[in-house]
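Here is how the chains run, residue by residue.
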Amino acid sequence: MKLTGTPFFVLSLLLLPLSVALLMYLWNRVRGPQALRFGSRLLMVLFAQVTAVTLVFVVVNNDNQLYSSWDDLLGTGSHVRAVPVPPPADATAAANGPEQPKVTQQFGPVDDSAVPKDVKTTQLKGRVSGVDGEVLVWTPPQYDDPAYKDKKFPVVELLAGFPGSSSAWFGSMNVSKQLAPLMKSGQVAPFILVSPRVVLLGGHTDTGCADVPGKVNAETWLARDVPQMVLDNFRAEPGPERWAVAGYSAGAHCAVRLALGHPNRYHAGVSLSGYNDPMGESDSLTAKDPHLREVSNPVYLLQHAQTPPNVALYATGKKGDGYEDALALQKNAKAPTTVTPVEVNGPHLTSTWQPLVPSVFTWLTQTVGKGA
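Rules used in this analysis
- Residues numbered from 1 in each chain as written.
- Predicted model: local features only at pLDDT ≥ 70, side-chain atom pairs only at ≥ 80, totals over all residues.
- Heavy atoms only, no water.
- Phe/Tyr/Trp six-rings, centres within 6.5 Å; stacked < 30°, edge-to-face > 60°.
- Helix = DSSP H or I, 4+ residues; strand = E, 2+ residues; numbered from the N terminus.
- Buried < 20%, exposed > 50% of the residue type's maximum accessible area, 1.4 Å probe, protein only.
- Lys NZ or Arg CZ within 6 Å of the ring centre and 35° of its normal.
- Disulfide = S-S within 2.5 Å.
- Expected span 1.5 Å × (residues − 1).
- Polar contact = N/O pair within 3.5 Å; in protein donor to acceptor, adjacent residues only side chain to side chain.
- Contact = heavy atoms within 4.5 Å.
- Core = buried A, V, L, I, M, F, W, Y, C linked by side-chain atoms within 4.5 Å.
- Pairing = 2+ DSSP bridges.

Undergrad: Help me out: how do you make sense of the packing of aromatic side chains in this one?
TA: Aromatic rings in a pair are described by how distant their centres are and how their planes are angled relative to each other. The final tally for this structure, using the stated rule, is 8 aromatic pairs. Plain terms: the ring middles of W169 and Y248 are 5.7 Å apart, the flat faces sit at 45° to each other, and that makes the pair tilted. Here Y248 lies in strand 8 (residues 243-248) and W169 lies in the loop between strand 4 (155-159) and helix 4 (175-185), a separation of 79 residues in the sequence. The pair W169 / Y248 is uniform in exposure class, with both members buried. For the ring pair Y248 and W353, a centre distance of 4.8 Å and an interplane angle of 25° mean the geometry is stacked. Pair noted here: Y248 is in strand 8 and W353 is in helix 11 (residues 350-353), with a separation of 105 residues, a long-range link. Y248 gets classed as buried once you look at its relative accessible area, which sits at 5%. Pairwise contacts between aromatic rings join F107, Y143, Y148, F153 and F234 into one cluster. The ring of W243 carries R265 above its face, with NZ or CZ at 4.4 Å from the centroid.

Undergrad: It is not clear to me how the state of the cysteines should be interpreted in this structure. Could you clarify?
TA: Covalent bonding between the sulfur atoms of two cysteines defines a disulfide. Applying the stated criterion across every chain yields a total of 1 disulfide. Sulfur-sulfur distance for the disulfide between C209 and C254 comes to 2.0 Å. When the S-S torsion is 90°, as for the bridge of C209 with C254, the disulfide is right-handed. Residue C209 is located in the loop between strand 5 (192-196) and strand 6 (211-212), and its partner C254 is located in helix 6 (residues 250-261); the two are separated by 45 residues in the primary sequence. For C254, a relative accessible area of 3% puts it in the buried group.

Undergrad: Is there a simple way to think about helix 5 (residues 218-233) in this case?
TA: One turn of the α-helix equals 3.6 residues, which is why residues spaced by three or four share an orientation. Between the first and last C-alpha of helix 5 there are 21 Å, a value that for 16 residues agrees with the 22 Å anticipated at 1.5 Å per step. Where burial is concerned, most of helix 5 is hidden: 14 out of the 16 residues are buried.

Undergrad: How should the side chain of D132 be read in this particular structure?
TA: Take D132: it is sitting in strand 3 (residues 132-138). Among the polar contacts listed, one links the side chain of D132 to the side chain of R81, at a separation of 2.8 Å. Among the polar contacts made by the side chain of D132, one reaches the side chain of K125 at a distance of 3.4 Å. Each residue touching D132, except ones within four places of it in the same chain, is listed here: H79, R81, L124, K125, G126 and W221.

Undergrad: Is there a simple way to think about the nonpolar core in this case?
TA: Within the largest apolar cluster, 86 residues are counted, with the highest numbers of intra-cluster contacts made by F191, L193, F361 and L364. Contact partners of F191, with chain neighbours within four places excluded, come to W138, P140, P154, V155, V156, M183, F361, L364, T365, V368 and G369.

Undergrad: Explain the pairing of strand 2 (residues 120-125) to me, please; I cannot follow it from the model alone.
TA: Both faces of the sheet carry side chains from a regular strand, because those side chains alternate between them. As defined by bridge partners, strand 1 (residues 108-109) adjoins strand 2 across 2 bridges and the pair is classed as antiparallel. Paired with G108 across the strands is T121, a residue of strand 2. Looking at chain direction, strand 2 and strand 3 are connected through 6 bridges and run antiparallel. Pairing of Q123 across the sheet is with E134, part of strand 3. Counting the residues in the hairpin turn of strand 2 and strand 3 gives 6 residues, including G130, whose phi is positive at 80°.

Dropping the structure here:
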């Protein structure tokens, strides 16, 4: 039974009143020695408690789309097929040179009732990273309009937090539902939206969106394999000036890292309640290694860049939850790098970030979507 499916939700909903009714009905009907009666009643109480906790978990998980599968929940899944040493990327290609065949994919519907039916998904085998995982793609209203048949579109890569599902941006964040009318009216540029899997390792370990030798090539997966697939299958603008990456929480940390580390792929990065120190997610691989922790900090990337990257950053957060990190990025940025810090209020939840989508994409329109 699928973790995020309607059948499991209905089952969880029915089990709670059933367990309470069973407890009340059997409480005084238990027979036998005192120890047996005590143990039986304790089991009934525990069963009722478990059904209550399960229902709360299912509601929270469905609202925030933290775990998309039982493997993600239990930490038993791995999406790392191999960990090759990635070849150097050239100045323009996302992953493959012109001699490489195109990464042609088949797309189908997303098996998640929270995701709009116009979102498509594919299972991508990362050619360069050795990572396998799903990638969700949504094309703007103009994409299938005959008037735009020769038009190429800007792209925004969307990263969930940790734990987080690739469906979250289209489900709990409602990104496509919010943006479709704004794109039709011309208030927001018609972006192709791409949401790749970010939970790649078992054991409830976050990759930190980094290439960690012998462990995972998460950075290569996100910044090279996924973009190349988009370029090979959609009418996407090839140049970095029309590409952006956005994320919330751990995904925000990744978005800034990827934008600063790959100005040949992204011209803009959006951070919603992100952090600079990888220790912001203690389960991250980059937080556990002193060297990786240092070099994975976006502030370090700004301070040690040979040439300041031509990247624009938009970073939101409240005091104590990302705002100081945004100011630190602004303090260490040198032209042409720009940072726009925005103070917001609200808990560290998608309910805080969802209303920011229109303003974020208005900014992205001005930054990477002009002329689209």
